[in-house]
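Architecture at a glance
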Amino acid sequence: MPSPFQVAPSGEGRPGQISMRAEITVLRTRYGHAMPDHPQEALLRLLDLQEQDTAIQRLETRRAALPEAAELADTRRRLEELDSDADIAEKQRQELSRAQSKLEGEIELIEIKTKKDSERVFSGAVSNPKELSALQSGIEQQNQQRSVLEDQLLEVMEQVESNDSHIDRLTTQKVEATERATELEEKVSLLMGDIDAELESHGLEREKIVPDIPSDLLAMYDKLREQKGGVGAAPLRAGTCEGCHTKIPQRELEHMKAQKGLQRCENCRRILVVLDI
């Protein structure tokens, strides 16, 4: 069955769309009293409802996009990264400490052996030239080995110093980030509290308005809000729909003024509440 909204009367509406006047006429013909002429008072209350819904939507958007909340989330992520980096640095410090202790122990053993062999050489207790030469050669090898180990120990100690400096920087950054997170938590809590209080206030006001609006009008409004970015009703002021900022032709304005009741913008299809023409 073809839709009664497929063709607009000549000179009215957009091509392929029925005009506002014709649409309302068709709906009233089809549904009888299902589309009554709502009193101006109900339509004005609908604008009051839209005002509350717009405020609620704005507050919810603000709540979801608080810069301080975003910064707090970034700061908490930064703290997690710092904790992870600090754990890694601490493990590196332990590994370096073990490596340093191992090298120091090896050097100490070599020094003990070198001292012992040197005492034998210079004590005169060894008279065999071959044995004496072996001891002197061993002492020379020990000194070379100790030199290599000392170079390795120096490198490890430099790494320990660098790692300790890194840990100190991480500790400082963690303290600063923790302080900033605490500051932001307090600020976000206050801002969220203010927003929630406003949301509650607008919600209560909305509850007071809803009973003043006929159920069919409210259903249409709610459906349009879902379709039109949260704005289901708009005032018609100075000949302009404030929902889409479209200028209404004078002929249509005069018809609206004479007809009164429920009106809809031909451009955006929102409910129009005529304030003045």
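What you are looking at is a predicted structure, and each value in this text was computed from that prediction instead of being measured.

With that settled, the discussion passes to the environment of Glu60. Summarising the element assignment, Glu60 is placed in helix α2 (residues 40-64). By relative accessible area, which is 46% here, Glu60 ends up partly exposed. Sequence separation of Glu60 and Leu199 is 139 residues, and the distance between their C-alpha atoms is 8.0 Å.

To continue, consider the pattern of salt bridges. For the structure on display, the rule yields 19 salt bridges. Between Arg206 and Asp53 there is a salt bridge, with its nearest N and O atoms 2.4 Å apart. One end of the pair, Arg206, is in helix α4 (residues 129-209); the other, Asp53, is in helix α2, and 153 residues separate them in sequence. A salt bridge links Glu242 to Arg237; the nearest nitrogen and oxygen atoms lie 2.6 Å apart. Take Glu242: its relative accessible area is 33%, and that puts it in the partly exposed class. Residue class for Arg237 comes out partly exposed when judged on its relative accessible area of 36%.

The next point concerns the sheet that holds strand β2 (residues 240-241). In space, the five strands of this open sheet follow the order β3-β2-β1-β5-β4, with mixed pairing throughout. What marks the edges here is a single partner per strand, and that holds for β3 (246-247) and β4 (263-264). Of the strand pairs in this sheet, strand β1 (residues 233-237) and strand β5 (residues 271-274) are connected by four bridges, and their pairing is parallel. In the sheet register, Ala234 faces β5, and the bridge partner there is Leu272. The sheet strands contacting α2 are β1 and β5, and the helix crosses β5 at an angle near 115°. Along the sheet, helix α5 (residues 215-227) makes contact with β1, β4 and β5, crossing β5 at roughly 120°.

So, about the confidence of the model for the chain. One rule of thumb: low pLDDT means the predicted coordinates there are not for detailed reading. Chain-level pLDDT for the chain is 86 on average; 86% of the residues reach the 70-or-more range. Contacts for the low-pLDDT stretch residues 1-35, under 50 throughout, to residues beyond four places or in other chains number 61 contacts.

We now examine the nonpolar core. Grouped together as the largest cluster of nonpolar side chains are 17 residues, with contacts concentrated most on Leu66, Leu72, Ile195 and Leu199. Among the elements of the structure, α2, α3 (67-123) and α4 are those that each provide at least two residues to this core. Take this core: its biggest share by element is ten residues, from α4. Residue contacts for Ile195: discarding those within four places in its chain leaves Leu59, Arg62, Arg63 and Leu66. Of all hydrophobic cores here, the second largest spans 15 residues; its members include Leu49, Leu218, Tyr221 and Leu224.

Turning our eyes to something else, we now look at a negative patch on the surface. A cluster of like negative charges, contributed by Asp151, Glu155, Glu158 and Glu161, occupies part of the molecular surface. Mapped onto the fold, Glu158 is located in helix α4.

With 25 residues, α2 ought to run about 36 Å at 1.5 Å a step, and its terminal C-alpha atoms sit 36 Å apart, in line with that. Residues of α2 that are buried in the fold lie against α4, α5, β1 and β5.

Mapped onto the fold, Arg270 is located in the loop between β4 and β5. Looking at Arg270, its side chain comes within polar contact range of the main-chain oxygen of Lys228, at 3.1 Å. With residues near it in sequence (within four places) discarded, Arg270 still touches Leu224, Lys228, Val231, Gly232, Gly243, Cys244, Gln263, Arg264 and Cys265.

This paragraph deals with the pairing of β1. Of all five residues making up β1, four are buried, and the element is well covered by its neighbours. In this structure, β1 lies alongside β2, joined through two bridges in antiparallel fashion. Across the sheet, Arg237 pairs through a bridge with Thr240, a residue of β2. Taken together, β1 and the strand that follows it, β2, pair antiparallel across an intervening segment of two residues, in which Ala238 is found at a positive phi of about 55°.

Moving on: the side chain of Gln50. Positionally, Gln50 belongs in helix α2. Given the relative accessible area of 5%, Gln50 is considered buried. A distance of 3.1 Å separates a polar atom in the side chain of Gln50 from the backbone nitrogen of Ala233. In this structure Gln50 touches Tyr221, Arg225, Gly230, Val231, Gly232 and Ala233, once residues within four positions along its chain are discounted.

Let us now look at the packing of α2 against α5. The interhelical angle for the contact between α2 and α5, taken along N-to-C directions, is 35°, at an axis separation of 11 Å. Viewed along their axes, α2 and α5 form a crossing whose handedness is right-handed. Across the interface between the two elements, Ala42, Leu43, Leu46, Leu49, Gln50 and Asp53 from α2 touch Leu217, Leu218, Tyr221 and Arg225 from α5. Classifying every residue of the contact of α2 with α5 gives seven nonpolar, one polar and two charged.

Analysis parameters
Residues numbered from 1 in each chain as written. Predicted model: local features only at pLDDT ≥ 70, side-chain atom pairs only at ≥ 80, totals over all residues. Heavy atoms only, no water. Helix = DSSP H or I, 4+ residues; strand = E, 2+ residues; numbered from the N terminus. Buried < 20%, exposed > 50% of the residue type's maximum accessible area, 1.4 Å probe, protein only. Salt bridge = Lys/Arg side-chain N within 4 Å of Asp/Glu carboxyl O. Pairing = 2+ DSSP bridges. Contact = heavy atoms within 4.5 Å. Axes fitted to C-alpha atoms, helices over the stretch in contact; angles between N-to-C directions. pLDDT = per-residue confidence, 0-100. Core = buried A, V, L, I, M, F, W, Y, C linked by side-chain atoms within 4.5 Å. Patch = residues over 30% accessible without salt bridge, like charges linked within 9 Å, V, L, I, M, F, W, Y side chains within 5 Å. Areas by Shrake-Rupley, 256 points an atom, 1.4 Å probe, with all protein chains shown as cover. Lys, Arg positive; Asp, Glu negative; His and termini not counted. Charge placed at Lys NZ, Arg CZ, Asp CG, Glu CD. Expected span 1.5 Å × (residues − 1). Polar contact = N/O pair within 3.5 Å; in protein donor to acceptor, adjacent residues only side chain to side chain. Left-handed = near helix turned anticlockwise from the far one by under 90°. Nonpolar A, V, L, I, M, F, W, Y, C, P; charged D, E, K, R; others polar.

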